[in-house]
Amino acid sequence: MPDYTLQRYRGFLAIVWNEDGRRRRHSLGTTDATAAKAAARSFWSRRSVGGLTETVGQAVDRYLEAKAKMLSIKRAEVAWKAARRFWDKLPIERVDKQAALDYRESRAHCAAITVRNELAVIRAALNWAKKEKLIAEAPFIQMPKLPASTIGHLSKAEFRKLLDGAGRPHVKLFMKLAVATGARSNALLDLTWDRVDFDRGLITLNPADRVQTSKYRATVPMNGQIRAALEEAKTGALSPYVIELGRGKVGSIKKGFAAACVRSGITATPHMLRHSAAVWMAEDRVPVFQIAQFLGHSDSRITERVYARFSPDFLSTAAESLTW
């Protein structure tokens, strides 16, 4: 009896085996049982004599399976879905600098950061495959440079003008919460009153039944202004949701927000209020690690790269050392 079985996996037959106490699986790319058995025998034979993973698609699929419990794996799966058509059947031995350049050219219509994220999955998978001794060497993947950060945000005066243009109470409360918590729109529209703790002065943005993902939702303190706004809204609440309309949850804030922009003459988007919150904190000399925690960033280096330059103290020590 072989040390593997054949099972269904993502619409195809796959070879499944146990290795080092872990369940391994490799798609055979066919639904035909006879072809799958032949492919499995070939795969197992190569593996038994030190055979290697042959294509980029094989390496990425095994990487995604091995990392299934990572918080960020959903984002990696989305990136691989976009990249699969180009990379799936490409033999690893043919991956070189030109292959990455050709891929970037094929995705020229996409933002550089999008292409970078897609290539990052390929690179991570190949490096993992080498570490797992599935391939002899991980080819070098040339990554596009990070684009210069252009952060759209509002000044406090612009925000007050936008707020004055909000005609509906739920839009006005959304705006106040957005800058007071730095949260994403979905987190605010999901927010329920049981997660607004007036006694401790905390707003818990992540529901108890939601697993934290790369879109991390933090628990943040209230300032005096947002406490007053929330206390007023709570007295007239007709549903469990903080942002409510017609006794129920608001599905989208875009229409009401756009109307406020027209009335106020301010050009903005709901997500811009999250950027504004971060910039205001940086301008007020809040340490970068605190801004990162407030925004729910898992890596403060992201926060530093994007927002640190808005601090009045940014590089000031370095500048002072250059006096003569």
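Whatever comes next refers back to the structure up there.
Quick look at the structure, then. The structure displayed is predicted, hence computed values, not measured ones.

1. A closer look at the sheet that holds strand 3 (residues 22-27)
With antiparallel pairing, the three strands of this open sheet are ordered in space as 1-2-3. The open sheet is flanked by strand 1 (5-9) and strand 3, the only strands paired with a single partner. On average, adjacent strands in this sheet sit at an angle of 40 degrees to one another, irrespective of strand direction. Sheet analysis places strand 1 next to strand 2 (residues 12-19), joined by five bridges and oriented antiparallel. Counterpart to Leu 6 in the pairing with strand 2 is Ile 15. Packing of helix 2 (residues 56-66) onto the sheet brings it into contact with strand 1, strand 2 and strand 3, and relative to strand 3 it is tilted by some 145 degrees.

2. Points about the nonpolar core
Core analysis: the largest hydrophobic core is formed by 40 residues, its most contacted members being Leu 162, Phe 174, Met 175, Leu 177, Leu 230, Val 242 and Leu 273. Among the secondary structure elements, those contributing two or more residues to this core are helix 6 (156-164), helix 7 (169-181), helix 8 (185-190), helix 9 (224-235), helix 10 (254-264) and helix 11 (270-283). Discounting residues that sit within four places of it in the chain, Leu 162 has contacts with Leu 154, Met 175, Phe 257, Ala 260, Cys 261, Ser 264, Ile 266, Ala 268 and Leu 273. In this structure, Val 60, Tyr 63, Ile 92 and Ala 100 belong to the second largest nonpolar core, which totals 29 residues.

3. Some details on the sheet that holds strand 4 (residues 196-197)
Within the open sheet, the three strands sit side by side as 4-5-6. Their pairing is antiparallel. The sheet terminates laterally at strand 4 and strand 6 (219-221), the two strands that pair on one side only. The pairing of strand 5 (residues 202-204) with strand 6 spans three bridges and is antiparallel. By the bridge assignment for strand 6, Leu 202 is matched with Pro 221.

What counts, and at which threshold
- Residues numbered from 1 in each chain as written.
- Predicted model: local features only at pLDDT ≥ 70, side-chain atom pairs only at ≥ 80, totals over all residues.
- Heavy atoms only, no water.
- Pairing = 2+ DSSP bridges.
- Helix = DSSP H or I, 4+ residues; strand = E, 2+ residues; numbered from the N terminus.
- Axes fitted to C-alpha atoms, helices over the stretch in contact; angles between N-to-C directions.
- Contact = heavy atoms within 4.5 Å.
- Core = buried A, V, L, I, M, F, W, Y, C linked by side-chain atoms within 4.5 Å.
- Buried < 20%, exposed > 50% of the residue type's maximum accessible area, 1.4 Å probe, protein only.

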